[in-house]
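Letter by letter, the chains look like this.
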Amino acid sequence: MNKERVLSGMQASGKLHLGNLVGALKNWVSLQDKYDCFYFVADWHALTTGYADPSFIKDSTADLLVNFIAAGLDPDKATIFIQSMVPQHAELHLLLSMISPLGWLERVPSYKEKQEQLKEKDLSTYGFLGYPVLQTADIIIYRAKHVPVGVDQMPHLEISREIARRFNYLYSTDVFPEPEGLLTQFPKVVGLDGRKMSKSYDNAIYLSDPPDVVDRKIRTMMTDPARKRRGDRGDPELSPVFQLHKIFSTKEEIEFVAHGCRTAEIGCIDCKKILIKNVFEYLEPIWKKRDELVNRPEILFEIAEKGAEKARHEAEETMKLVRKNMGLI
Ligand code: TRP
């Protein structure tokens, strides 16, 4: 077992949507053969912004776990767990907080941005400022080398590298390798209104949406606003439906709908029907597995418990070194 270690997590802050699936989860699945992968649900991170009403966390954690497995993560290949089941993450977070300069944390772009975006929440808390420190603990406690994340997470990863380096420097050790981002060239998935698919824009197709809901969502999706009537010619590039075709349809279908849109030879519903067929084909195996799992939470719990056991073991090995390096018993 000399595979390099990969670690990634998803915050339990809502239901998983098609954008998360295409942009992240499918990539996790593709890494599980080549690497020693650790994947987890970050439920503590959900508290950093959701502490005042945490009732969503349990459902979101369950939704993520179901989808991890339904999308093809294999508990025999990857270590799958829930963050709060491995208390060593919290211990390392505490110890790293001792060496993390405030200035570094205040400079992380998402710190100010989120506070601006979520004005209704009081995010001038210690926990929210420490978000990247907890994330650092998540990563380096497994001494992971690669962290598959999207570009938006790169500033967090940069902090993780800096904190790891600072620890090694302060205690003259090489306990922690500096984790590297594993950026993947996945297409950005647009939502029903053409903006990036996101739960906060209310424009997402969720993996938990039943087929008739997915069908309706795509049927009522925005298209090129210039095509008001069936006979109007359109520009496919201005239609979010076409952006999704680029991800889910064959080359021939993409050419067919692009041509049909420009010449008005096909209507928007014809174009959408092809997309619906392809999205259904893509989601059907996932729906099938979801159906098998959704009413059997005990299976999911078993998977997470088994994963957590292995994770705790690995994390504890690192913590022994960390405690020693920091002069503790
Ligand atoms: N911040 C990530 C998100 O928003 C979740 C996360 C927590 C994470 N800890 C991590 C991602 C460690 C990668 C590595 O979904």
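Residues numbered from 1 in each chain as written. Predicted model: local features only at pLDDT ≥ 70, side-chain atom pairs only at ≥ 80, totals over all residues. Heavy atoms only, no water.

With respect to the side chain of His89
Alright, step 1. Along the polypeptide, His89 turns up in helix H4 (residues 88-99).
Alright, step 2. Those residues in contact with His89, other than ones at most four positions away along the chain, are Trp44, Phe81, Gln83, Leu134, Ala137, Asp138, Ile141 and Tyr142. (Helix = DSSP H or I, 4+ residues; strand = E, 2+ residues; numbered from the N terminus. Contact = heavy atoms within 4.5 Å.)

What to know about the packing of helix H8 (residues 131-140) against helix H9 (residues 154-170)
Think of two packed helices as two axes; the pair is described by the angle between the axes and how far apart they sit.
Alright, step 1. At a minimum axis distance of 9 Å, the contact between H8 and H9 shows a crossing angle of 70 degrees. On the basis of the axis angle, H8 is roughly perpendicular to H9. The handedness of the crossing between H8 and H9 comes out as right-handed. Taken together, the residues of H9 that come into contact with H8 (itself represented by Tyr131, Pro132, Val133, Gln135, Thr136, Ile139 and Ile140) are His156, Leu157, Ile159, Ser160, Ile163 and Ala164.
Alright, step 2. When the residues that make up the contact of H8 with H9 are grouped by side-chain class, the tally is 9 nonpolar, 4 polar and no charged. (Axes fitted to C-alpha atoms, helices over the stretch in contact; angles between N-to-C directions. Parallel < 35°, antiparallel > 145°, perpendicular 65-115°, else oblique. Left-handed = near helix turned anticlockwise from the far one by under 90°. Nonpolar A, V, L, I, M, F, W, Y, C, P; charged D, E, K, R; others polar.)

Considerations on the nonpolar core
Alright, step 1. Formed by 101 residues in total, the largest nonpolar core has its most connected members in Leu18, Leu25, Phe68, Leu92, Leu96 and Tyr142.
Alright, step 2. The dominant element in this core, judged by the number of residues it contributes, is helix H13 (residues 268-294), at 10 residues. (Core = buried A, V, L, I, M, F, W, Y, C linked by side-chain atoms within 4.5 Å. Buried < 20%, exposed > 50% of the residue type's maximum accessible area, 1.4 Å probe, protein only.)

Details of the environment of Leu300
Alright, step 1. On the secondary structure map, Leu300 appears in helix H14 (residues 297-325).
Alright, step 2. Spatially, the C-alpha atom of Leu300 lies 31 Å from that of Leu192, the residues being 108 residues apart in sequence.
Alright, step 3. What Leu300 contacts, discounting residues up to four positions off in sequence, is Ala62, Leu65, Val66, Ile69 and Leu293.

Here we look at the pairing of strand E1 (residues 5-11)
Alright, step 1. With 5 of its 7 residues buried, E1 lies for the most part within the structure.
Alright, step 2. Examined bridge by bridge, E1 and strand E2 (residues 36-42) share 7 bridges and lie parallel to one another. Directly across from Ser8, in E2, lies its bridge partner Tyr39.
Alright, step 3. Viewed along the sheet, the connection from E1 through helix H1 (residues 18-31) into E2 turns out right-handed. (Pairing = 2+ DSSP bridges. Right-handed = clockwise from strand over helix to strand, strands pointing away.)

What about empty space enclosed by the protein?
Alright, step 1. One pass over the structure, following the stated rule, counts 1 cavity of 30 Å³ or more.
Alright, step 2. Computed from the structure, the largest cavity encloses a volume of approximately 100 Å³.
Alright, step 3. Lining the largest cavity are 14 residues, with Arg227, Ser239, Cys261, Cys268 and Cys271 sitting closest to its centre.
Alright, step 4. Residue assignment for the lining of the largest cavity shows that the elements contributing at least two residues are helix H11 (240-248), helix H12 (251-263) and H13.
Alright, step 5. Broken down by element, the residue count for the lining of the largest cavity peaks at 3 residues, all from H13.
Alright, step 6. When grouped by side-chain class, the residues that make up the lining of the largest cavity number 8 nonpolar, 3 polar and 3 charged. (1 Å grid on protein atoms, 1.4 Å probe; cavity = no way out; pocket = protein on both sides within 12 Å on 5 of 7 lines; lining within 4 Å. Points joined across faces, edges and corners; volume = space filled by probe spheres on them.)

Points about H11
Alright, step 1. Burial in H11 covers these residues: Pro240, Val241, Phe242, Leu244, His245 and Phe248.
Alright, step 2. Along its buried surface, H11 packs onto H1, H12 and H13.

Digging into the packing of aromatic side chains
Alright, step 1. Taken as a whole and assessed by the stated rule, the structure comprises 11 aromatic pairs.
Alright, step 2. An aromatic cluster is built from Phe38, Phe40, Phe81 and Tyr142, whose rings are joined through pairwise contacts.
Alright, step 3. Looking at Lys15, its charged tip hangs above the ring of Tyr206, at a distance of 4.4 Å from the centre.
Alright, step 4. The ring of Tyr201 is capped by Arg195, whose NZ or CZ atom sits 4.1 Å from the centre of that ring. (Phe/Tyr/Trp six-rings, centres within 6.5 Å; stacked < 30°, edge-to-face > 60°. Lys NZ or Arg CZ within 6 Å of the ring centre and 35° of its normal.)

Concerning the pattern of salt bridges
Alright, step 1. Taken as a whole, this structure holds 21 salt bridges when the rule is applied.
Alright, step 2. Put simply, Lys77 and Asp33 hold a salt bridge, and the shortest N to O gap is 3.1 Å. Residue Lys77 is found in the loop between helix H3 (56-70) and strand E3 (79-82), and its partner Asp33 is found in the loop between H1 and E2; the two are separated by 44 residues along the sequence.
Alright, step 3. In this structure Lys77 comes out as partly exposed when scored by relative accessible area, which is 40%.
Alright, step 4. Bridged by salt links that share partners, the residues Arg5, Asp36, Lys310 and Glu314 form one connected network. (Salt bridge = Lys/Arg side-chain N within 4 Å of Asp/Glu carboxyl O.)

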